[in-house]
Amino acid sequence: MATRSPAQAMIGAQVSREELAKRPRVGETLIQGFLFICGAISILTTVGILYELGKEALLFFRSPDVTLVEFFTSTHWQPAILDFGIWPLVLGTIFTSVIAMLVALPLGLATAIYLSEYASERARNILKPILEVLAGIPTVVYGYFALTFMTPLLRNLLGADNVQIFNTASAGIVVGILIIPLVSSLSEDALHAVPIGLRQAAYALGATKLETSLKIVLPGALSGITAAFVFAISRAIGETMVVAIAAGNGPKNFDFGQDPLFGTILNPFVAAETMTAHIVRISGGDLSYDSIDYNSIFAIGLTLFLMTLGLNILSQRFVARFREVYE
Amino acid sequence: MTSTVTGFANGNLAVEARNMHVYYGPFRAVKDVSLKIKTHAITAFIGPSGCGKSTVLRSFNRMNDLVATARVEGEILYHGNNIYSNDVDPVEIRRRIGMVFQKPNPFPKTIYENVAWGARINSYKGDMDELVESSLRQAALWNEVKDKLQESGYSLSGGQQQRLCIARTIAVKPDIILMDEPTSALDPVATLRIEELIQELKKNYTIIIVTHNMQQAARASDFTAFYNMDEDRAGYLVEYSGTNELFTNPKNELTEQYITGRFG
Amino acid sequence: MSQQTSYPEGSALKGQITSRQRRGSAWQLAFQVSTIIGIIALIALLYNITNQAFGLVAIQNKVEPSSLVLALEEERLLSAENTVTSEDDNELVAGIASDANAIGFFGYAYYQQNSDQLKLLTVDGIAPTAESVQNETYGLVRPLYLYTTADVLAQNQAANIFLNYYLTHINEEIEDVGYFATSDAQLSEARAAWTAASGLNLQPGQWAAINPEGITGQLSVVGSSTLFPVNERIAERLAADGFAATVNLANVGSTAGLRAFCEEGTADIAAASRPITSAEFEACRENDLRPIEIQIGTDALAIVTSPENSFTTNVTQQELRTLFDTATTWADANEAWPNNPVARYIPGADSGTLDFFAETVFPKDLANLSKETLVELLTANISVGLGRRLEREQRFYDDRLVFDDPDLFAEACASDNPAAGCTMPARDQENVYELLLQEVVAPDVVSAWSLMDSLFARDEVEAFVATEYPNAELTFRSWLTLDFITSPQSSTPEFAGVRTAIMGSLWVVAITVFFSFPIGVGAAIYLEEYASDTFINRTIQTNINNLAGVPSIIYGMLGLAIFVRTLEPLTSGALFGVGDGTTANGRTILSAGLTLGLLILPVIIIAAQEAIRAVPHSLRQAGMALGATKWQTIWAHVLPSALPGILTGTILAISRAIGETAPLVVVGASTLIFVDPNSPFSKFTTLPIQIYQWTARPQAEFRNIAAAAILVLLVLLLSLNASAILLRNRYARRA
């Protein structure tokens, strides 16, 4: 048993209660408070969006010239004569988005499958940065591309008489191209997260690579891929510059029964305006506060916000479900 | 619990745990540990993995606070003060009770800064160069690094990094140094140097060391505490006595089985 | 047993496997092609931009710089002291002959008539002879032209016959008149032009075959006094050959003749002693006339003195310039000459000879003129209103005003919002030159072609320009030039640049970073290091994830409602009394920067969270074990380790902010601003906004400069991304 004389103990070894007492660290508290406020600003942003959009939209619907019923049922958006039916704009948005999805979803998913399941390390190292570059190009540049490349291309292929200079097809295709990297990278992440053991099991049963990829890996990553798809739709709906430049400068008003369904209403080669493009066009002009025009774009904005928010939440649900399975 | 280490004078009491329980959320990781640690001695904690020896060690300087769900019941008395009492400052405790970790974890800074940083934040007023030198000398590292003080701490070998961590701890002049398996990531030569160093350090510091290596405990420590895990996976103190006594004449059958290599 | 019968075997098995594998290969190809389509899209996009940013352009000046200089020089010639001006050549001859210190110039023909009274000087040592004129070693020569149109030749038989006769017999007459005959090559060119336009199916050699006898009708030949004697002789010969049509010859000068031909439609043929100018050509085209140019000879100028002049037989062009402009004595031009006053004799302003002299002797390059001269030119060619505006932007001289009334100017400077010209130093020569180019010369790109057309269809382009814009100059143009980057915005695409936009982008992004970087990192630290798992913290995290998916245009509307409108006193600068007087609203750089700040905040937070999460836990423990507080540990160890990751994320967020367009349109970017932003309270435009506005313009040249601006933007983004990658790699090496 080792014992030592008290002389060998450290000088001042006796520690009093006071020395250990909690010190008021004002700086630490202030910093923590500041950091909390930083975090809370994001909440304020959301509240701000909801409040401002809601407030102005409310003013819009309170106006004697507007009714909720008209807003949700009329197929004419002509502010000049106080016709405020959201449908022409929503239809424009749906059109470009559907066309964009027809391009982006198959191409994006096929790219993801190729990169995740087929591509060699070298090919991946070349292809992924290219897709990143594609994703990093500003949307206004895609707008330019749509107007000066895609539209002339379509007009050459299908005849200038059949394709208007501004049309939803060209804008939609380019929006699709711009979303490909988003779909492919999110889907690839999902495919990547599927455990290697599942693939090995499939191979061990004599499955080909294709059968493994499509019947084992793909279903395994389904909720992750669905999340990517839903998020891509939300992105297409919110996309602005491409449609503002290339899709058209006026809402495509129509009347069921009068306008031919396929010739006009559902024709992607004629001009139409989306919700986002309309907001840009109206706010780019001379806009005075508290006018019906000013309020109307906030009503459109609120519609747009709620649509994308719903899709984003849906997408996150899928992501969460996907995480539960594999993490 | 069998503890034969009770007989030293109050003046030689470094820290004492009384009926300490540690919980992680609803799970009790350590139950009912009471022991006294003697100053200027080396106390080793041994036991099979999961027996809570590291948890007990981390409780001594409130490192468990960093785990959000951790909770300590009972008392740990440091100079008669319960360090878990609400009015005690954990930062102050950690300054006085330093810690060396399992894997060397130097800061991504220069060697000099690694040693000086702790002193600086604790408002050290003296000559910093002198402090760095003396700390590195005490950690038996000075001769190896005196010409490259401005190089990154990462440029050192694993054993050197661990001694740098010890120097860093010494620089803030703690009472007690907790060592959590300090040599488990090192090769035998580096391990031996650290063990020699620990022997040196005991002159000035109280040292508690967790080790999974029984030979190390037998070689290097004055006292040894053996922990084990019971059926509900909570760690508890089995036996605590002078190292010689515990290894030559264990009171508890479990201790004997453990030191003779029959389980663990 | 049952297994063996249930599965295919033998060749059936082989077939089944082969078909499965074939399907696999087909799909693999499909996957590969899909992947490549993305790359093709990128290539197409870059190709398209490059294709538009470079290419041939046809440029046409509103006013030729040479004609500007010419007018000025003539003015100076006429107003120089000791100058005798007369439209009557005989008067000039008499004056020169009698004065030993006289100098003058005539058309060579006129000199020949009076060679006994005058002494001919060589110019730069060369005398005008048939040879020296034809090969242009003699410097003072000018071509002589007739202009007509295909319609005139097709509809007016008399004019047609007249021109045929003219070309057939011109060389028999012209030297006799005193001019120099055209070379065979030039004459055959003229004949080809005539044949092509005449509507007659003629082969060379058939020229003389058309008999003018008995042709009736009427034609008028109007213009140059120089050509008048030639025209007279041809007309007389024709009449002698039995040509019965009435030929009206008018001696009114080249300019008046072309005016009668192009604008008034009163001449069938214009005679000119100089080429048609682009302005005259445009006037013709406006009246649907497409002039055919026929060179019928060359005139030379004779520089003459009195035979009594004993001190020189030669002048250089430089000496000529001095003698007719600034010199008061002969010695001023050449020290070897006597110190006698120069007596100048020059033809009147309406004569083509004066034009000819000024044009050949004086330099035509605007850029080399003095600032005073340039200001004079500007004064003569722009309205007072425009001049006043330019002067208020920046004065021409520090000590006097050119356009503005001093009292009005002083008044404008005394107002609350004084014009920039009140304080700025005066314009320099270069500045005035640029101004003259923009406001007066006004080169206009009349047509532009893509790079591919320029490279592979150059012939077609050239043919198109030759017929549509014969006065235009076809040059290869890179729309992306240093000038483009350093010039401010302009409403004419030729002069437009992106400096204002680049400055705007940098200002806006600076505000964005200043706002969102500390807050974003702060929020990330809070969420990763401090936040416990409570409802509010979970809400914050979910909310940030949601905000990252909100369309950017919604942020624009938030910015419009909050920063532009509600916080107007703050964002317009009115609160600090520093607002830009011309805007007086919240559509400022500050509003734009804050809006983009909110937009990229979630991006920065998420990136910073990931970076902080990646910092090893042992580092935090080591810090805490030394008795550091939480913040001390974070500040000294966690943040430095996470910094490369945070910066990488931030740079990517910045490049997103730089490329954003829609929210800034909504917040209210200015459509056309010429002044660089100088504070957070300035009006703004940014690079993407500029691209958007130019793309939306229908004129092709705006597409070209939009492409050039896109290249600038992409280079900017590319270098940002490259730095992010470098940072990431450095970080990866260290970790």
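Residues numbered from 1 in each chain as written. Chains lettered and ligands numbered in written order. Predicted model: local features only at pLDDT ≥ 70, side-chain atom pairs only at ≥ 80, totals over all residues. Heavy atoms only, no water.

## Notes on the interface of chain A and chain C
To keep it simple, the criterion reads: Contact criterion: two residues are considered in contact whenever any of their non-hydrogen atoms come within 4.5 Å of each other. Accessible-area loss on putting two parts together, using a 1.4 Å probe and summing over both, is the definition of buried area adopted here. Here a salt bridge means any side-chain nitrogen of Lys or Arg lying within 4 Å of a carboxyl oxygen belonging to Asp or Glu.
If you look at the interface, chain A gives 74 residues, while chain C gives 77 residues. For the chain A and chain C pair, buried surface summed over both sides reaches about 6,600 Å², with 74% attributable to carbon and sulfur atoms. By the criterion of area lost to chain C, the three top residues of chain A are L35, Y144 and Y289 of chain A, representing 11% of everything that side buries. At the junction of chain A and chain C, the tally comes to two salt bridges. Notably, a salt bridge pairs E56 of chain A with R565 of chain C, separated by 3.3 Å at the nearest N-O pair.

## Here we look at the packing of aromatic side chains
Test applied: Only the six-membered ring of Trp is used, alongside the rings of Phe and Tyr, when aromatic pairs are assigned; centres must lie within 6.5 Å, and planes under 30 degrees apart are stacked while those over 60 apart are edge-to-face, with the rest tilted. Secondary structure counts use DSSP, requiring at least four H or I residues in a row for a helix and at least two E residues in a row for a strand, with both numbered from the N terminus. Two conditions define a charge located above a ring, namely a distance within 6 Å from the ring centre to NZ of Lys or CZ of Arg, and an angle within 35 degrees of the ring normal.
As enumerated under the stated definition, the model contains 32 aromatic pairs over all chains in all. Here the aromatic rings of F311 of chain C and W330 of chain C are separated by 5.0 Å at their centres, their planes lie at 75°, and the arrangement is edge-to-face. Residue F311 of chain C is located in the loop between β9 (291–305) and β10 (314–315), and its partner W330 of chain C is located in helix α14 (residues 330–333); the two are separated by 19 residues in the primary sequence. One aromatic cluster is present, built from ring pairs that chain together F60, F61, F71, F72, W77 and F84 of chain A. For the cation-ring pair, R427 of chain C lies above F396 of chain C, with the distance from its terminal atom to the ring centre recorded as 5.2 Å. In this structure, R697 of chain C packs its charged tip against the face of F702 of chain C, placed 4.0 Å from the ring centre.

## Thoughts on the sheet that holds strand β13 (residues 473–478) of chain C
Residues and elements named next belong to chain C. Which entries qualify depends on this criterion: DSSP bridges decide pairing: two strands pair if at least two such bridges lie between them. Between the N-to-C directions of two axes lies an angle of 0 to 180 degrees, each axis being a line fitted to C-alpha atoms and, for a helix, fitted only over the stretch in contact.
One open sheet holds the three strands; their spatial order is β12-β1-β13, and the pairing between them is antiparallel. Strands at the two margins of the open sheet, each flanked by one partner only, are β12 (443–448) and β13. Averaged over all pairs of adjacent strands, the angle between their axes in this sheet comes to 45°, without regard to strand direction. Where strand β1 (residues 54–61) and β12 come together, five bridges link them in antiparallel fashion. The residue of β12 that forms the bridge with N61 is P443.

## Some words on the nonpolar core
Selection criterion: Residues belong to one nonpolar core when they are buried, are Ala, Val, Leu, Ile, Met, Phe, Trp, Tyr or Cys, and are joined through side-chain atoms within 4.5 Å. Partly exposed describes any residue whose relative accessible area lies between the buried limit of under 20% and the exposed limit of over 50%, with all areas from a 1.4 Å probe on protein chains only and scaled to the type maximum.
Grouped together as the largest cluster of nonpolar side chains are 228 residues, with contacts concentrated most on I179 of chain A together with L35, F45 and F60 of chain B. Setting aside its immediate chain neighbours within four residues, F45 of chain B contacts L35, I37, K53, V56, L57, F60, I208, I209, V210, T211, A225 and Y227 of chain B. Ranked by size, the runner-up nonpolar core spans 43 residues in total, among them I103, L121, I303 and Y345 of chain C.

## Thoughts on the pattern of salt bridges
All names here are of chain A. A full pass over the atoms with the stated rule returns 40 salt bridges over all chains. Across the salt bridge formed by K55 and E56, the nearest N and O atoms sit 3.9 Å from each other. By relative accessible area, K55 is classed as partly exposed at 31%. R281 is the partner of E273 in a salt bridge, and the nearest nitrogen-oxygen pair spans 2.6 Å. We classify E273 as buried; its relative accessible area is 0%.

## A closer look at a negative patch on the surface
Residues and elements named next belong to chain C. Filter applied, for reference: Exposure above 30% relative accessible area and the lack of any salt bridge qualify a residue for a patch; like charges then connect within 9 Å, and the nonpolar side chains Val, Leu, Ile, Met, Phe, Trp and Tyr within 5 Å. Each accessible area is a Shrake-Rupley estimate made with a 1.4 Å probe; only the visible protein chains count as cover when residues are assessed. By the counting rule applied here, Lys and Arg register as positive and Asp and Glu as negative, while His and the ends of each chain are not counted. Where a charge lies is defined by one atom per residue type: Lys uses NZ, Arg uses CZ, Asp uses CG and Glu uses CD.
There is a patch of like negative charges on the surface, built from D428, E430, E434 and D483. For E434, the position within the fold is in helix α19 (residues 429–441). E434 sits in the partly exposed class, given a relative accessible area of 37%.

## As for the state of the cysteines
Residues and elements named next belong to chain C. Where we set the bar: In this description, the term disulfide denotes a pair of cysteine sulfurs within 2.5 Å.
Under the defined criterion, the tally for this structure stands at one disulfide over all chains. Disulfide pairing places C262 opposite C284 at an S-S distance of 2.0 Å. As the torsion about the S-S bond is roughly -70°, the C262-C284 disulfide counts as left-handed. Separated by 22 residues along the polypeptide, C262 in helix α11 (residues 254–264) and C284 in helix α12 (residues 278–286) bring together distant segments of the chain. We note that C262, like C284, is buried.

## Some details on a nonpolar patch on the surface
All names here are of chain A. A cluster of nonpolar residues, W87, I94, V98 and L102, forms a patch on the protein surface that exposes about 370 Å² of accessible area. Structurally, I94 is set in helix α4 (residues 87–118). Overall, the relative accessible area of 37% leaves I94 in the partly exposed class.

## A word on the pairing of strand β9 (residues 206–210) of chain B
All names here are of chain B. Definition in use: A clockwise path from the first strand over the helix to the second, with the strands pointing away from the viewer, defines a right-handed crossover.
Of all five residues that make up β9, five are buried, and the element is covered over most of its length. By the alternation rule, side chains of β9 split into T206, I208 and V210 and I207 and I209, which are all buried. Summarising the sheet, strand β4 (residues 42–46) and β9 pair through four bridges and their orientation is parallel. For I42, the partnering residue across the bridge sits in β9 and is I207. Taken together, the five bridges between strand β8 (residues 176–180) and β9 define a ladder with parallel strand orientation. Among the inter-strand pairings, I177 is bridged to a residue of β9, identified as I207. Each parallel crossover has a hand, and the one from β8 via helix α7 (residues 188–201) to β9 is right-handed.

## Thoughts on the packing of helix α9 (residues 209–220) of chain A against helix α2 (residues 10–53) of chain C
We count it as follows: Throughout, the term roughly parallel applies to angles under 35 degrees, roughly antiparallel to angles over 145, roughly perpendicular to angles from 65 to 115, and oblique to all others. Residue polarity follows a fixed list, in which Ala, Val, Leu, Ile, Met, Phe, Trp, Tyr, Cys and Pro are nonpolar, Asp, Glu, Lys and Arg are charged, and the others, Gly among them, are polar.
Taken N-terminus to C-terminus, the directions of α9 of chain A and α2 of chain C make an angle of 65°; their axes are 8 Å apart at the nearest point. The angle between the axes of α9 of chain A and α2 of chain C places the two elements in the roughly perpendicular class. Facing α9 of chain A, whose interface residues are L210, E211 and L214 of chain A, α2 of chain C presents R20, R23, G24, W27 and F31 of chain C. Grouping the amino acids of the contact of α9 of chain A with α2 of chain C by side-chain chemistry returns four nonpolar, one polar and three charged.

## Some remarks on the environment of N19 of chain B
Residue and element names in this part refer to chain B. Note the following rule: In protein, a polar contact means a hydrogen-donor-capable atom and an acceptor-capable atom, both N or O and within 3.5 Å, with residues adjacent in sequence counting only if both atoms are side-chain atoms; elsewhere, any N or O pair within 3.5 Å suffices.
Note on placement: N19 falls in strand β2 (residues 13–24). Measuring from C-alpha to C-alpha, the distance between N19 and S34 comes to 5.1 Å, with 15 residues separating the pair along the chain. Setting aside its immediate chain neighbours within four residues, N19 contacts D32, V33, S34, E73 and G74. At a separation of 3.0 Å, a polar atom in the side chain of N19 contacts the side chain of D32.

## Remarks on the packing of helix α3 (residues 65–79) of chain C against helix α16 (residues 371–381) of chain C
Residues and elements named next belong to chain C. The contact between α3 and α16 brings their axes to 11 Å, and the two run at 105°. With respect to α16, the axis of α3 lies roughly perpendicular. Where α3 approaches α16, its residues L68, L72 and R76 are matched on the opposing element by T373, E376, L377 and N381. Here the residues of the contact of α3 with α16 sort into three nonpolar, two polar and two charged.

## Description of unusual backbone geometry
All names here are of chain B. The phi angle at D32 is positive, at roughly 50°, despite the residue not being glycine. Here D32 lies in strand β3 (residues 27–38). By relative accessible area, D32 is classed as partly exposed at 41%. Of note in the backbone geometry, R62 takes a positive phi value of approximately 60° without being a glycine.

## Some details on the environment of T486 of chain C
Residues and elements named next belong to chain C. In this fold, T486 is placed in helix α22 (residues 482–486). Its relative accessible area of 39% is what places T486 among the partly exposed residues. Sequence separation of T486 and E529 is 43 residues, and the distance between their C-alpha atoms is 47 Å.

## What to know about the confidence of the model for chain C
To keep things clear, this is the line we draw: For every residue, the predictor assigns a confidence score, pLDDT, that lies between 0 and 100.
Per-chain confidence: chain C averages 84 in pLDDT, with 96% of residues scoring 70 or above. Of the two predicted TM-score estimates for the complex, the pTM is 0.75 and the ipTM is 0.90.

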